[in-house]
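Summary of structural features
Now for the letters of each chain:
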Amino acid sequence: MNEDVYVLGIETSCDETAAAVVKNGKDIVSNVVASQMESHRRFGGVVPEIASRHHVEQITLVIEEAMRQAGVSFSDLDAVAVTAGPGLVGALLVGVNAAKALAFAHGLPLVGVHHIAGHIYANRLVAEMKFPLLALVVSGGHTELIYMEGHGKFTVIGETRDDAAGEAYDKVARALGLPYPGGPHIDRLAHEGEPVIDLPRAWLEEGSYDFSFSGLKSAVLNTLHNAKQRGEEIDPKQMAASFQESVVDVLVTKTVQAAKQYRVRQVLLAGGVAANRGLRSALQDNMKGLPDVELVIPPLSLCTDNAAMIAAAGTVLYWQGKRSDLALNANPSLPLI
């Protein structure tokens, strides 16, 4: 590993077409993202068929732009890393097939990457990982606490039993009449309101690190519905603040407890909901009680889906000698192992 290693990352798991070049798994040389948010906003969520079509239109342009910005040619690359799953199968297929074509055409190793591993390794683009560590992954489809003893060694110690935090945010936002995606809008309103509405917190069994947000979502919907039947108006700012406090309280409390129990050296925040100001602030405040544990929070640009995180995770797999062959296929239910 004396010479620099350059990896091209490709990410098309949902509604962002992304490509990036990362050096040595830590340094971003280029990071290009084409978002489809405007196309899906009028539908109130991601439409898989539309997402796939956009990926087909954008993938070549995005890869070419990432290579141009990086100032490298394919002969300079050491590997091509691509999100193999989980995600929308049609969307994943676009990236996987593009990566396979490039790897075959240029004689490069192909590395399939797990999307959640990518989100975790986005933190390595900020600070070197210190093991053992704990990662709190919070996104639209995932809410998990993952313990890592070393590179590529993932143990899921807690996961959502129903709605992920991001799903709950979007559903509550829709009930409040806020546009898609709902998370940023609720986060903004929450900072303007006060958490005066009593909403439940699902702590589950004693010692459990699992999460459940379905009951909280239902409580919000019932509160809004009952108020409407009585002819009353609930201030969206107060509801947003109350809902966010309930979500953040559970996420942060369980993360801090797990960090203590597993005696980790580092806590990483990862995933799209990691961009939430309320969550970032609460985690920073509560981690002050663990001065020996480093808290790493990536910048907003590395919280949402991007290809730099896939290249970062892919570089570690490349160093470990792990390769995918040209039979690599998209797996929408790919387990994190």
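Worth saying up front: this structure is predicted, and the values here are computed from it rather than measured.

Counting buried positions along helix 6 (residues 182–190) yields seven of nine residues, so the element is predominantly enclosed. Gly182, Gly183, His185, Ile186, Asp187, Leu189 and Ala190 are the residues of helix 6 that are buried.

Bringing helix 8 (residues 236–261) into the picture now. Taking 1.5 Å of rise per residue, 26 residues should cover 38 Å, and helix 8 covers 38 Å from first to last C-alpha, within 8% of that figure. N-capping of helix 8 is provided by Asp235, with a side-chain oxygen placed 2.9 Å from the backbone N of Lys237. Where helix 8 ends, the next residue or the one after it, Arg263, has phi of about 50°, a positive value.

The pairing of strand 7 (residues 143–148) with strand 8 (residues 154–159) spans five bridges and is classified as antiparallel. Bridge pairing links Ile146 to Val156 in strand 8.

Each pair of packed helices can be described by the angle between their axes along with the distance between the axes. Close contact between helix 8 and helix 9 (residues 277–286) brings their axes to 10 Å; oriented N to C, the two are set at 40°. As summarised for this structure, helix 8 and helix 9 are arranged oblique, according to the angle between their axes. In this structure, helix 8 crosses over helix 9, and the sense of that crossing is right-handed. Counting all contacts with helix 8, which are made through Gln244, Val248, Leu251, Val252, Thr255 and Val256, the residues of helix 9 involved are Gly278, Leu279, Ala282, Leu283 and Asn286.

Attention shifts here to the pairing of strand 2 (residues 16–23). Of all eight residues in strand 2, seven are buried; the element is thus mostly enclosed. Bridge analysis of strand 1 (residues 6–11) against strand 2 gives six bridges, and the strand direction is antiparallel. Directly across from Glu11, in strand 2, lies its bridge partner Ala18. Hairpin connection between strand 1 and strand 2: a loop of four residues separates the two successive antiparallel strands. By the bridge criterion, eight bridges tie strand 2 to strand 3 (residues 27–35) in an arrangement that is antiparallel.

Bringing the packing of aromatic side chains into the picture now. Any two aromatic rings considered together are summarised by their centre-to-centre distance and by the angle between their planes. Evaluated as defined, the whole model comprises four aromatic pairs. Consider the rings of Tyr209 and Tyr262, whose centres lie 6.5 Å apart with planes at 55°: the pair is tilted. Note that Tyr209 is positioned in the loop between helix 6 and helix 7 (214–229) and Tyr262 in the loop between helix 8 and strand 9 (266–270), a separation of 53 residues in sequence. For Tyr209, a relative accessible area of 8% gives the class buried. The partly exposed category is assigned to Tyr262, whose relative accessible area is 27%.

What follows is about the packing of helix 5 (residues 165–175) against helix 7. Packing of helix 5 against helix 7 brings their axes to within 10 Å, and their N-to-C directions diverge by 5°. On the basis of their axis angle, the class for helix 5 and helix 7 is roughly parallel. Where helix 5 abuts helix 7, its residues Lys171, Val172 and Ala175 lie against Lys217, Val220, Leu221 and Leu224.

Either a parallel or an antiparallel arrangement is found when strands of a sheet pair, and the pairing is made through backbone hydrogen bonds. Taken in spatial order, the five strands make up an open sheet running 8-7-6-9-10, and their pairing is mixed. Among the strands making up the open sheet, the edge pair consists of strand 8 and strand 10 (294–296). Taken over all neighbouring pairs, the strand axes of this sheet differ in orientation by 20° on average, direction set aside. Where helix 9 meets the sheet, its contacts fall on strand 6 (133–138), strand 9 and strand 10, and the angle it forms with strand 9 comes to roughly 175°.

Bringing the side chain of Ser212 into the picture now. Mapped onto the secondary structure, Ser212 falls in the loop between helix 6 and helix 7. Among the polar contacts made by the side chain of Ser212, one reaches the side chain of Asp162 at a distance of 2.6 Å. If sequence neighbours within four positions are ignored, Ser212 has contacts with Asp162, Ala202 and Leu204.

With that settled, the discussion passes to the sheet that holds strand 3. Spatial ordering of the open sheet is given by 3-2-1-4-5, a layout of five strands whose pairing is mixed. If you trace the sheet from one side to the other, it starts and ends with strand 3 and strand 5 (110–114), each paired once. Neighbouring strand axes in the sheet, compared pairwise and without regard to direction, differ in orientation by 20° on average. Here strand 4 (residues 79–85) pairs with strand 5 via five bridges, running parallel. Pairing of Gly85 across the sheet is with His114, part of strand 5. The sheet strands contacting helix 11 (residues 308–319) are strand 1, strand 2, strand 3, strand 4 and strand 5, and the helix crosses strand 5 at an angle near 120°.

How each quantity is defined
- Residues numbered from 1 in each chain as written.
- Predicted model: local features only at pLDDT ≥ 70, side-chain atom pairs only at ≥ 80, totals over all residues.
- Heavy atoms only, no water.
- Buried < 20%, exposed > 50% of the residue type's maximum accessible area, 1.4 Å probe, protein only.
- Helix = DSSP H or I, 4+ residues; strand = E, 2+ residues; numbered from the N terminus.
- Expected span 1.5 Å × (residues − 1).
- Polar contact = N/O pair within 3.5 Å; in protein donor to acceptor, adjacent residues only side chain to side chain.
- Pairing = 2+ DSSP bridges.
- Axes fitted to C-alpha atoms, helices over the stretch in contact; angles between N-to-C directions.
- Parallel < 35°, antiparallel > 145°, perpendicular 65-115°, else oblique.
- Left-handed = near helix turned anticlockwise from the far one by under 90°.
- Contact = heavy atoms within 4.5 Å.
- Phe/Tyr/Trp six-rings, centres within 6.5 Å; stacked < 30°, edge-to-face > 60°.

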